[in-house]
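Chain by chain, the residues run as shown.
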Amino acid sequence: DAGITQSPRHKVTETGTPVTLRCHQTENHRYMYWYRQDPGHGLRLIHYSYGVKDTDKGEVSDGYSVSRSKTEDFLLTLESATSSQTSVYFCAITSGGRGTGELFFGEGSRLTVL
Amino acid sequence: GDSVTQMEGPVTLSEEAFLTINCTYTATGYPSLFWYVQYPGEGLQLLLKATKADDKGSNKGFEATYRKETTSFHLEKGSVQVSDSAVYFCALKEYGNKLVFGAGTILRVKS
C-alpha cells in the first residue's frame, strides 16, 4: 500500500471556523492532490501540487487554500468553513513523469460543517 | 474541458450475472483511461488502465477496452460476486498529471 496518511479522519466543525486537513506521504512522490467527493459529482479536484511550494488550482478551488513546504506534507485549509464544504476529502499522490498517471489515494477525511 | 460520463446507478445484479458499466469521455488528444474502485469506507484504488487506443486493461476478472472511435472505455465482468459490490469510477488523465473522474456507479451484487 502507498504510504499516505490523512488527518483528521473525521471532523465536525461550525460554520465560520478555520479547518486544516493534512496529507502526509512516505513515498517521496512529486505530485499531490486534494479532491472532494460528493454524491452525483464523483471526485472533483480542489488543488494540486507539482513540487515543494508549487501549487495550482483545480476546478473547485474557491474557499480553499493549500500549502506544501515539504515534499511529504500537503495541507488543505478552509479559512472559514461553510456548510457547502461538508464532504469527504481525499488526498492522492503520484510520481508523475512518463508514467501512466496512476494515483494512489488516502483513506479520506470526512468533514461536517454545521 | 475534459470530461467523463458514466452510466447512472445503482446497478443491482445477482451473483454470477454479467456486468457492464458504460463510460464515455470527451478530451483533446488521446488521454490514458482508468477504472478505479472504492469499497465502503475506503479510498479509491486502481482497478485497471489503458494508455492508448485498442489497449485492453484487465484485473480481477474485469476488462475494459480503449475505443477511440466511440470515445468509450466500458467496464465488463463475466460473472460478478458479492465482494464486487462497490463504487466504480471511470477517469482520464489530462495535462499536468491530473485525473478527471466520472460521477461514479454504485454496484450492488445480491447472493
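What comes next is a walk through the structure. What you see is a predicted model, and the numbers here were worked out from it, not measured in a lab. (Residues numbered from 1 in each chain as written. Chains lettered and ligands numbered in written order. Predicted model: local features only at pLDDT ≥ 70, side-chain atom pairs only at ≥ 80, totals over all residues. Heavy atoms only, no water.)

## As for the interface of chain A and chain B
Okay, step 1: At the interface, 22 residues of chain A touch 20 residues of chain B.
Okay, step 2: Taking both sides of the interface into account, the surface hidden between chain A and chain B amounts to around 1600 Å²; carbon and sulfur atoms contribute 55%.
Okay, step 3: Connecting chain A to chain B are 0 salt bridges.
Okay, step 4: Taken together, the connections running from chain A to chain B amount to 4 residue pairs in polar contact (both at pLDDT 80 or more).
Okay, step 5: Within the side of chain A that touches chain B, the residues separate by chemical class into 9 nonpolar, 10 polar and 3 charged. (Contact = heavy atoms within 4.5 Å. Buried area = accessible area lost by both parts, 1.4 Å probe. Salt bridge = Lys/Arg side-chain N within 4 Å of Asp/Glu carboxyl O. Polar contact = N/O pair within 3.5 Å; in protein donor to acceptor, adjacent residues only side chain to side chain. Nonpolar A, V, L, I, M, F, W, Y, C, P; charged D, E, K, R; others polar.)

## Description of the pattern of salt bridges
Okay, step 1: Taken as a whole and assessed by the stated rule, the structure comprises 9 salt bridges over all chains.
Okay, step 2: Note that D38 of chain A is salt-bridged to R36 of chain A, the shortest N-O span being 2.8 Å. There is no split in this pair, since D38 of chain A and R36 of chain A are both buried.
Okay, step 3: Across the salt bridge formed by E63 of chain B and K56 of chain B, the nearest N and O atoms sit 3.7 Å from each other.
Okay, step 4: Here the salt bridges do not stand alone but share partners, grouping R22, K70 and D73 of chain A into one network. (Buried < 20%, exposed > 50% of the residue type's maximum accessible area, 1.4 Å probe, protein only.)

## Some points on the nonpolar core
A general tendency of soluble globular proteins is for nonpolar side chains to be buried together.
Okay, step 1: Ranked by internal contacts, the top residues of the largest apolar core, which has 27 residues, are L19, W35, L47, L48, F73, L75 and Y88 of chain B.
Okay, step 2: Mapped onto this core, the elements with two or more residues apiece are β2 (11–14), β3 (19–21), β4 (23–26), β5 (33–38), β6 (44–50), β8 (62–65), β10 (86–94) and β12 (105–110) of chain B. (Core = buried A, V, L, I, M, F, W, Y, C linked by side-chain atoms within 4.5 Å. Helix = DSSP H or I, 4+ residues; strand = E, 2+ residues; numbered from the N terminus.)

## Considering the sheet that holds strand β1 (residues 4–7) of chain A
All names here are of chain A.
Okay, step 1: In space, the 4 strands of this open sheet follow the order β1-β3-β8-β7, with antiparallel pairing throughout. Each of the sheet's edge strands pairs with one partner strand only, and the pair in question is β1 and β7 (64–70). Strand-to-strand twist of the sheet, defined as the mean angle between neighbouring strand axes without regard to direction, takes the value 15°.
Okay, step 2: Pairing of strand β3 (residues 19–25) with strand β8 (residues 73–78), which is carried by 6 bridges, proceeds in the antiparallel orientation. From the neighbouring strand, T20 faces β8, where its bridge partner is T77. (Pairing = 2+ DSSP bridges. Axes fitted to C-alpha atoms, helices over the stretch in contact; angles between N-to-C directions.)

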